[in-house]
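Chain by chain, the residues:
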Amino acid sequence: MAAAAAELVIGWCIFGLLLLAILAFCWVYVRKYQSQRESEVVSTVTAIFSLAVALITSALLPVDIFLVSYMKNQNGTFKDWANANVTVQIENTVLYGYYTLYSVILFCVFFWIPFVYFYYEEKDEDDASKCTQIKTALKYTLGFVVICALLLLVGAFVPLHLPNNNNSTEWEKVKLLFEDLGTGQGLAALSFSISSLTLIGMLAAITYTAYGMSALPLNLIKGTRSTAYERLENTEDIEEVEQHIQTIRSKSKDGRPLPARDRRALKQCEERLRTLRKRERHLEFIENSWWTKFCGALRPLKIIWGIFFILVALLFVISLFLSNLDQALHSAGIDSGFIIFGTNLSNPLNMLLPLLQTVFPLDYILITIIIMYFIFTSMAGIRNIGIWFFWIRLYKIRRGRTRPQALLFLCMILLLIVLHTSYMIYSLAPQYVMYGSQNYLIESNITSDAHKGNSTLAVPKRCDADAPKDQCTVTRTYIFLHKFWFFSAAYYFGNWAFLVVFLIGLIVSCCKGKKSVIEGVDEDSDLSDDEPSAYSA
């Protein structure tokens, strides 16, 4: 009993420390990337809060798995305190946690972030009063609120099942499981809304996370270009542009005005010269800064981290491929959302998690690391690609120079991606996400040489779809993941698209050259001369 209580205390302590670490990370991350000249309190607080909600929601998955596993002993029996009332209370507590966090996500995505974004956009108007800004922001935000209301309404009445024309054993399991998963219309409405956002998050993960999983490690391995070499190239470019300017100006020495074409060329050359001199100042500052020397000393460590991250990415991709292949071969098909019970084709992560379950809390630490890796690679993908609307680039994410609107977009994208992480983890280890480390007892016949006969012995077995309903508790995460079969089917095909985009991103990242130490100076004409430190980190 004392050992069980100690495990519970350790679990909640880890979760508490994780919350503090999340809040600290969000504050540092937002402050690191936001523009110092355009920072605004409301947008900064909104970005920090939204990013924290995204990370806390992702941290709820290992907590959910831990709680359903904690109620049972490894021999398959329930712990002394885990009676029916306590079990239901724990399940409801976790479910209320999901209700709360998912409701906050809906509030952020459909109201608060759009409102702050439009409010800040109206702030750029010099003649706009605060009342006008608020009214205009609310007017545009109303469209998002209507969309959210429609999703909730549709989710409350949409049918969960199609007519059952398939009498296969797997389909019967799916049907019976769905009939047991939360019958309240409120759960259905919220689950439909969250699943709709998760579908958008899947598209964001395919776009940003898949690319970030290859770009982040390869950028660490390749590093940046030499500052001294870049200064030499930049000096040669300055001399070439100055000579070109002198050649154009020499045409007007006799007092004749320059032709229109030469005036345009002269103006372009002068703008180019200003940019090159700005680059020269930044390169000189970076070359002489102590931070550059410190980063140079850490170069071997960055290479090691890059190799580690690319190996993790390959492990993740191989596991996802084998899991998807397993679903394609052994699931009940598209009508069930490609749901699969148990594992027929083992993948590396699905084999590793049961091994780590024997040493508390290594399996929960691994799940947390996978989720954090997924989020960090998403951030790397957004930084490398930027924020686009189809073929139009809206914003760039640059250290110390990111506009408040871009930070709000970044946090909204991460909120959506985090919603998709739960299904990605489920795809890698379906049985573990459903039941954690729970076992149940089955009767096994054994032959006894001493009594020359057969006897029955209860032996523990991992929880699966064949387990009695009262012996294994399904995680609340699974309820939200598979409330609607058609979303599960879309997620399944999204996983294949994720694998394809990762391979394309890996090829692109390998072919790209090293980054400049001041990448973006040519593009950002609004960068002032007193901001070289933005590139020195």
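In case you missed it, the structure is sitting above this.
These numbers come from a predicted model, not from an experiment.

What counts and how
- Residues numbered from 1 in each chain as written.
- Predicted model: local features only at pLDDT ≥ 70, side-chain atom pairs only at ≥ 80, totals over all residues.
- Heavy atoms only, no water.
- Phe/Tyr/Trp six-rings, centres within 6.5 Å; stacked < 30°, edge-to-face > 60°.
- Helix = DSSP H or I, 4+ residues; strand = E, 2+ residues; numbered from the N terminus.
- Buried < 20%, exposed > 50% of the residue type's maximum accessible area, 1.4 Å probe, protein only.
- Lys NZ or Arg CZ within 6 Å of the ring centre and 35° of its normal.
- Core = buried A, V, L, I, M, F, W, Y, C linked by side-chain atoms within 4.5 Å.
- Contact = heavy atoms within 4.5 Å.
- Axes fitted to C-alpha atoms, helices over the stretch in contact; angles between N-to-C directions.
- Parallel < 35°, antiparallel > 145°, perpendicular 65-115°, else oblique.
- Nonpolar A, V, L, I, M, F, W, Y, C, P; charged D, E, K, R; others polar.
- Polar contact = N/O pair within 3.5 Å; in protein donor to acceptor, adjacent residues only side chain to side chain.

### What to know about the packing of aromatic side chains
Then, number 1: Under the defined criterion, the tally for this structure stands at 24 aromatic pairs.
Then, number 2: Seen in terms of ring centroids, Y29 and Y33 are 4.9 Å apart; in terms of plane orientation they differ by 40°. Their pairing is tilted. With Y29 and Y33 both in helix α1 (residues 2–33) and four residues apart, the pair spans about one turn of that helix. The burial state of Y29 is the same as that of Y33; both residues are buried.
Then, number 3: With a centroid separation of 6.0 Å and an interplanar angle of 5°, the aromatic rings of F111 and F115 are classed as stacked. Residue F111 and its partner F115 are both found in helix α3 (residues 84–123); the two are separated by four residues, about one turn of the helix.
Then, number 4: For F111, a relative accessible area of 26% corresponds to the partly exposed category.
Then, number 5: Taken together, the ring pairs in this structure connect Y117, F118, Y140, F144, Y395 and F409 into an aromatic cluster.
Then, number 6: Sitting over the ring of Y140, K139 keeps its end group 5.3 Å from the ring centre.

### Description of the nonpolar core
Then, number 1: Within the largest apolar cluster, 118 residues are counted, with the highest numbers of intra-cluster contacts made by F316 and F498.
Then, number 2: When residues of this core are assigned to their parent elements, the largest contribution, 18 residues, is made by helix α13 (residues 404–428).
Then, number 3: Each residue touching F498, except ones within four places of it in the same chain, is listed here: A205, I206, T209, A210, M213, F316, L320, F374 and M424.
Then, number 4: Judged by nonpolar contacts, the second largest core, of nine residues, contains V241, L266, C269 and L273.

### A few points about the packing of helix α2 (residues 41–70) against α13
Then, number 1: At a minimum axis distance of 9 Å, the contact between α2 and α13 shows a crossing angle of 5°. In this view, α2 runs roughly parallel relative to α13, as classed from their interaxial angle. Contacts between α2 and α13 pair S43, T46, A47, S50, L51, V53, A54, T57, S58 and L61 from the former with P404, L407, L408, C411, L414, L415, V418, S422 and I425 from the latter.
Then, number 2: When its residues are assigned to classes, the contact of α2 with α13 shows 13 nonpolar, six polar and no charged.

### Some remarks on the side chain of T421
Then, number 1: Note on placement: T421 falls in helix α13.
Then, number 2: For T421, a relative accessible area of 3% corresponds to the buried category.
Then, number 3: Polar contacts involving the side chain of T421 include one to the main-chain carbonyl oxygen of V418, which spans 2.5 Å.

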